[in-house]
Amino acid sequence: MKTKTFFLILILVLIPVILFNSTSALAQTQPTTVPLEFHEDWLKGVVLITYQSYYGTGFWINNQYIATAAHVVGYNPNAIVTIIKGTTRLYGRVVALDRSTDVAIIYVENANAFEKHIFPIARELPRLTSTIYVIGYPYELLQVLGSLEALSENPRVLRTSFAWSANGLIELGGITDAGNSGGPVLDFYGNVIGIVSFAARGEAGYMYYATSAGNLKRLCEEHNIAYIEGTNGII
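Now for a description of the structure that goes with this document.

Procedures and definitions
Residues numbered from 1 in each chain as written. Predicted model: local features only at pLDDT ≥ 70, side-chain atom pairs only at ≥ 80, totals over all residues. Heavy atoms only, no water. Helix = DSSP H or I, 4+ residues; strand = E, 2+ residues; numbered from the N terminus. Buried < 20%, exposed > 50% of the residue type's maximum accessible area, 1.4 Å probe, protein only. Areas by Shrake-Rupley, 256 points an atom, 1.4 Å probe, with all protein chains shown as cover. Polar contact = N/O pair within 3.5 Å; in protein donor to acceptor, adjacent residues only side chain to side chain. Contact = heavy atoms within 4.5 Å. Salt bridge = Lys/Arg side-chain N within 4 Å of Asp/Glu carboxyl O. Pairing = 2+ DSSP bridges. Axes fitted to C-alpha atoms, helices over the stretch in contact; angles between N-to-C directions.

1. Concerning the overall build of the protein
For the protein, the helix and strand inventory stands at three helices and 16 strands. The burial tally for the protein puts 53% of its 235 residues in the buried class. Counting only carbon and sulfur atoms, one obtains 52% of the accessible surface of the protein, whose full area is about 10300 Å².

2. Some words on the side chain of S197
By the element assignment, S197 lies in strand β14 (residues 192-202). A distance of 2.6 Å separates a polar atom in the side chain of S197 from a polar atom in the side chain of D102. Here S197 is in contact with H71, D102, S181, Y209, A210 and T211, once residues within four sequence places are set aside.

3. Quick word on the pattern of salt bridges
Under the definition given, this model contains eight salt bridges. Between K217 and E229 there is a salt bridge; the shortest N-O distance is 3.0 Å. With K217 in helix α3 (residues 213-222) and E229 in strand β16 (residues 227-229), this pair connects stretches of sequence that are 12 residues apart. E229 gets classed as buried once you look at its relative accessible area, which sits at 3%.

4. Observations regarding the sheet that holds strand β13 (residues 184-186)
Strand order around the closed barrel formed by six strands is β10-β11-β12-β15-β14-β13, with antiparallel pairing between neighbours. Going from strand to strand, the sheet's axes swing by 45° on average, the running direction of each strand aside. Alignment of strand β12 (residues 169-172) against strand β15 (residues 205-212), held across four bridges, turns out to be antiparallel. If you follow I170 over to β15, its bridge partner there is A210.

Here is the structure:
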């Protein structure tokens, strides 16, 4: 999330453990695929979200619903947000939100106006040190490109490693910035394993965290929102 020029640093709190559930009536199954280095079609799966003076990243989980971090929408369960991709702007409304795990889901009524990639949600987390990807809209790129419209068409891809996971959190092996909040963290197959959430300062510097995609699955199931479940297991 970006507000003016300040980077949101949240105090690390314990988030309840949400286990990955391998079966769900709401989960559609993705065909088995071979690992991908990176597929440019994934860039169509992210959008820029604005709410009041903030902006962040979101991503498609089905044809009409976007997932993001709850703090991107100000933790407001009734927020009306603007979804931007290039010159296309649409309104969306928050229909599900969990403040404790920093997950929100947005309904977009006229979603067919967007060309999109729908991300499947991983069944399991990858092995430690596995390659992962983080896609989003860091603030420094807004400074370079000059407008939200231009930024929305040029998301940044960070290739990094899966460093740690416990209590519904994932530690990222790379650096994210304000504006990346709410963006997808993907395994090597393009399955969502987490949502970029916050940074915490330690003695050695900042550490960067995502909320686990298991928290997103649970919120979808509580609100009867369909999603695609990836079929690839541990990498």
